[in-house]
There are 2 protein chains.
Amino acid sequence: MSERNLKIKLQCPMPKLDFDVITLGHGSGGLLTNKLLDSGVFHLFDNDYLRERHDGAVLKLDSQTAFTTDSFVISPIFFPDSNIGELAVNGTVNDLAMCGAIPQYLSLSFIIEEGLKMNEFWKILIGIKSAADKTNVKIVTGDTKVVEKGKGDKIFINTSGVGKVHEHAQISINNVKAGDKIIVSDTIATHGVAIMSVREGLEFETAVKSDTRGLNHVVSKLLDEFGKDIHLLKDPTRGGIATVLNEIARDRNHGVKISQKQIPIQNEVNALCEILGLDPLYVANEGVFIAVVDSRISEKFVKKLKSMDYGKNASIIGEITESHPRQVVLTSSISGKRIVNMLAGEQLPRIC
Amino acid sequence: MSERNLKIKLQCPMPKLDFDVITLGHGSGGLLTNKLLDSGVFHLFDNDYLRERHDGAVLKLDSQTAFTTDSFVISPIFFPDSNIGELAVNGTVNDLAMCGAIPQYLSLSFIIEEGLKMNEFWKILIGIKSAADKTNVKIVTGDTKVVEKGKGDKIFINTSGVGKVHEHAQISINNVKAGDKIIVSDTIATHGVAIMSVREGLEFETAVKSDTRGLNHVVSKLLDEFGKDIHLLKDPTRGGIATVLNEIARDRNHGVKISQKQIPIQNEVNALCEILGLDPLYVANEGVFIAVVDSRISEKFVKKLKSMDYGKNASIIGEITESHPRQVVLTSSISGKRIVNMLAGEQLPRIC
């Protein structure tokens, strides 16, 4: 089992309110919106930027800054040990980390379906706060919209983020070259399997939990040590590692070869994939990254990862090739070879 | 009638596709998502940042940069001469302008309900492209999610944006002081009335169109000339000018007095407000801003505005007072006085 993400248990009881569900009026931009925000949101995320209460935040940024966005529509919004709020912070933090950046500031935008219970919203806010604290990012600007019952699904969250590019980072698809090693940072497919287990009512029979977590601290230390020898970082969320590897092969016009035996996966996740009829290569991850690194440093890179949280099961799973450009070829555990295509159609809708 | 926003008619026919509606698979992150994006999105918004096809964009930013976010859930998604895509760009551009910033880069995130017609999506993309071109911003990163039929409503769009703060801008609620003049840049309430007209089936009997437009070029010229004498800028979207003025009074702990006679409104909009039972002070605007400026420059400021597009009907509507702190007091056209509260409840759901 990979090391579990230790959750901060925040001691933040929900404030007393004169409403217990969110209504259309809370999205009006008027009195009720202000009431909703004042009822804890501003207090929970308090900082100098939010205190200005303007339409945006004015930040001191570095000349090399990464900028990214993600909307989260996961269903269910609560899953063992975590929720859509924590996921929404970690997801955008990780996208910034994949750009070689140190995440600094996040925006937070809610689309709430009328009728969401205030105590559910509060739990989500606590998830956001907890993830923001652990990843060391500030929520500096936001937006709240409410849509009628049946025109949304409980809550959708968009987070966008900015972060300073690490001084030694030179992450670009153009730096990837034949011979580079492909490393996966930890066991794969846990997020997708955890969510599917909840959907299928199996969550009480399994200990598999989403691997949602912020990868920025780990990535930052790797960049400190390996700098420009890290050619590319990608987090294999929707579509799994198969899709990310296909994107690399396509965008670089090179081949990718991987070995099934080297791909780390928890036994329980593997078993659940079989029960649920899922190919783990296509299952979403939320706390894992793929690194393409110079072959000279690959062993040291894995050793370093194994010494850190979130990297105990790191493994070199393959390499970039000049042969079979734009194709991902897998050597199976019984030494057969097959082409791994990009995810076609939809395996697990609304997994993030 | 205020000057109409001249729409750029882009000559971008929709590419030929082997699908005509968007399905769950288009949100999978896999092959279909790539197909959807390659089918014109990347081509339409093409730039160096998007071409990297990474999880985020690395930008050269100024040390003083504004950052903002907004989700757009307007219904209907198409309205006379415009659509949710154009609105989503202009809305975030305007939020940046209100921070005294020159908008530069936008993120673009879609939450699409399964079944959206591809030709509708294309029209929205054209709206985005047209607004981005006019306001001189680049779309540099994005995300696409698809939810099941009945779990969304056609399309929701989040745009977040960053922009360089104008070198002469010193916009802050803390700079607002008693005696400052309050200026509205153009006729109010047109956006809300235009949308309500469509909802009520009145759109063929009226020429009122949404005032959605990017205010950044106008604001930038005003900052060139008046710099730190512009104390605050706010765009009165949801909740209308009444809500924005109440926020100013509350956040600055001062009073606001305004004169009904000085508030510019098109006759037709006023008449439709009466028919629809709306108070124009609470009706959403999308192409208007409120400026709080030093009284010394207020006349010159209005004169300058009147000389520019989008400011022909600019007017000084009132001032900041030491008396009646946290209250907005209106002198009516028949010289009565009344307190104008913040919008309570919901007047026009999903107006932006």
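Keep in mind it's a predicted model, so treat the numbers as computed, not measured.

S.K.: Where do I start with the packing of helix 1 (residues 31–44) of chain A against helix 4 (residues 118–135) of chain A in this structure?
M.R.: The angle between the axes and the distance between the axes are what describe a pair of packed helices. Residue and element names in this part refer to chain A. Relative to each other, helix 1 and helix 4 sit at 20°, their axes nearing to 10 Å. As summarised for this structure, helix 1 and helix 4 are arranged roughly parallel, according to the angle between their axes. Remark: the crossing between helix 1 and helix 4 carries right-handed chirality. Of the residues in helix 4, those in contact with Leu36, Ser39, Gly40, Val41 and Leu44 of helix 1 are Met118, Phe121, Trp122, Leu125, Ile126 and Lys129. Here the residues of the contact of helix 1 with helix 4 are counted per class, giving eight nonpolar, two polar and one charged.

S.K.: Looking at this structure, how should I read the pattern of salt bridges?
M.R.: Pairing is possible between side chains that carry opposite charge, provided their charged atoms lie close to one another. Residues and elements named next belong to chain A. Evaluation of the coordinates by the stated rule reveals 44 salt bridges over all chains. Residue Asp62 is joined to Lys164 by a salt bridge in which the shortest nitrogen-to-oxygen separation is 3.2 Å. Placement of the pair is Asp62 in the loop between strand 1 (57–60) and strand 2 (64–72) and Lys164 in strand 7 (residues 155–165), with a sequence separation of 102 residues. On the basis of relative accessibility, which here comes to 28%, the residue Asp62 falls in the partly exposed class. Of the charged contacts in the structure, one is a salt bridge between Lys145 and Asp143, with a shortest N-O distance of 2.8 Å.

S.K.: Is there a simple way to think about the environment of Phe156(A) in this case?
M.R.: Here Phe156(A) shows up in strand 7. Along the backbone, Phe156(A) and Ile77(A) are 79 residues apart, and their C-alpha atoms lie at a distance of 8.9 Å. Those residues in contact with Phe156(A) that lie beyond four places of it in its chain are Phe72(A), Val73(A), Ser109(A), Phe110(A), Ile111(A), Arg350(A), Ile111(B), Val147(B), Lys151(B) and Phe156(B).

S.K.: Honestly, the sheet that holds strand 11 (residues 290–293) of chain B in this entry has me stumped. Any pointers?
M.R.: Sheets are built from strands that pair by backbone hydrogen bonding, the pairs being arranged parallel or antiparallel. All names here are of chain B. The strand order 9-11-8-12-10-13-14 describes an open sheet built from seven strands, whose pairing is mixed. Each end of this open sheet is capped by a strand with a single partner; those strands are strand 9 (230–234) and strand 14 (337–339). Averaged over neighbouring strand pairs, the angle between their axes works out to 25° when direction is ignored. Looking at chain direction, strand 10 (residues 255–259) and strand 13 (residues 328–331) are connected through four bridges and run parallel.

S.K.: Explain the domain arrangement of chain A here, please?
M.R.: Often the size quoted for an interface is simply the accessible area lost on bringing the parts together. Residues and elements named next belong to chain A. Its domain assignment divides chain A into domain 1 (3–165) and domain 2 (173–339). For domain 1 and domain 2, the distance between their C-alpha centroids amounts to 28 Å. Contacts between the two partners involve 26 residues from domain 1 and, on the opposite side, 25 residues from domain 2. Note on domain 1 versus domain 2: buried area summed over both sides is about 2,100 Å², and carbon and sulfur give 57% of it. Across the contact surface, domain 1 and domain 2 share zero salt bridges. For the side of domain 1 that touches domain 2, the elements supplying multiple residues, two or more each, are helix 3 (84–98), strand 5 (101–113) and helix 4. No other element matches helix 3, which puts nine residues into the side of domain 1 that touches domain 2.

S.K.: Got a minute to help me understand the packing of aromatic side chains in this structure?
M.R.: A ring pair, where both rings are aromatic, is described by two values, the distance of the centres and the angle of the planes. Using the criterion set out here, one finds eight aromatic pairs over all chains in the structure. Ring geometry for Phe156(A) versus Phe156(B): centroids 6.4 Å apart, planes at 50°, classification tilted. Pair noted here: Phe156(A) is in strand 7 and Phe156(B) is in strand 7 (residues 155–165), and the two residues belong to different chains. When its relative accessible area of 1% is taken as the criterion, Phe156(A) is described as buried.

S.K.: I would appreciate a short explanation of the sheet that holds strand 1 (residues 57–60) of chain B in the present structure.
M.R.: Reading across from one edge, 6(A)-5(A)-7(A)-2(A)-1(B) is the order of the five strands in this open sheet, with mixed pairing throughout. Edge positions in the open sheet fall to strand 6 (138–147) of chain A together with strand 1 of chain B, since each of these has one partner strand only. Direction aside, neighbouring strands of the sheet carry axes that sit 20° apart on average. As judged from the four bridges shared by strand 2 of chain A and strand 1 of chain B, these two strands associate in the antiparallel manner. Paired with Ala66(A) across the strands is Val58(B), a residue of strand 1 of chain B. On top of the sheet, helix 4 of chain A reaches strand 5, strand 6 and strand 7 of chain A; it is set at about 170° to strand 5 of chain A, its chief contact.

S.K.: Help me understand the relation of the copies chain B and chain A, please; the structure alone is not making it clear to me.
M.R.: In summary, the two copies of the chain are related to each other by a rotation about an axis coupled with a shift along it. Each copy superposes on the other: chain B lies on chain A with an RMSD of 0.0 Å after a rotation of 180° and an axial shift of 0.0 Å. Expressed as an axis order, the relation between the two copies is that of a two-fold axis. Among all residues of chain B, the minimum C-alpha distance to the rotation axis is found for Gly152(B), at 2.1 Å. Mapped onto chain A, 100% of the interface residues of chain B are again interface residues, and the two copies thus contact each other with one and the same surface.

S.K.: Hey, could you run me through the interface of chain B and chain A in this one?
M.R.: Contacts between the two partners involve 81 residues from chain B and, on the opposite side, 81 residues from chain A. Carbon and sulfur atoms supply 54% of the area buried between chain B and chain A, which totals about 6,100 Å² over both sides. Interface area lost by chain B to chain A is led by Asp55(B), Phe67(B) and Arg238(B), which between them contribute 13%. Where chain B packs against chain A, one counts six salt bridges. Between the two partners, chain B and chain A, sit 41 residue pairs in polar contact (both at pLDDT 80 or more). Its residues assigned to classes, the side of chain B that touches chain A shows 31 nonpolar, 29 polar and 21 charged.

S.K.: Would you take a moment to explain the packing of helix 6 (residues 216–226) of chain B against helix 9 (residues 298–306) of chain B for this structure?
M.R.: Residues and elements named next belong to chain B. For the pair helix 6 and helix 9, the least separation of the axes is 11 Å and the interaxial angle reads 145°. When the axes of helix 6 and helix 9 are compared, the crossing they make is right-handed. The residues of helix 9 that touch helix 6, namely those facing Val218, Leu222, Glu225 and Phe226, are Lys300, Phe301, Lys304 and Leu305. Considered class by class, the residues forming the contact of helix 6 with helix 9 number five nonpolar, no polar and three charged.

Quick notes on the rules
Residues numbered from 1 in each chain as written. Chains lettered and ligands numbered in written order. Predicted model: local features only at pLDDT ≥ 70, side-chain atom pairs only at ≥ 80, totals over all residues. Heavy atoms only, no water. Axes fitted to C-alpha atoms, helices over the stretch in contact; angles between N-to-C directions. Helix = DSSP H or I, 4+ residues; strand = E, 2+ residues; numbered from the N terminus. Parallel < 35°, antiparallel > 145°, perpendicular 65-115°, else oblique. Left-handed = near helix turned anticlockwise from the far one by under 90°. Contact = heavy atoms within 4.5 Å. Nonpolar A, V, L, I, M, F, W, Y, C, P; charged D, E, K, R; others polar. Salt bridge = Lys/Arg side-chain N within 4 Å of Asp/Glu carboxyl O. Buried < 20%, exposed > 50% of the residue type's maximum accessible area, 1.4 Å probe, protein only. Pairing = 2+ DSSP bridges. Domains from an automatic or database assignment. Buried area = accessible area lost by both parts, 1.4 Å probe. Phe/Tyr/Trp six-rings, centres within 6.5 Å; stacked < 30°, edge-to-face > 60°. Least-squares fit on C-alpha atoms with pLDDT ≥ 70 in both. Polar contact = N/O pair within 3.5 Å; in protein donor to acceptor, adjacent residues only side chain to side chain.

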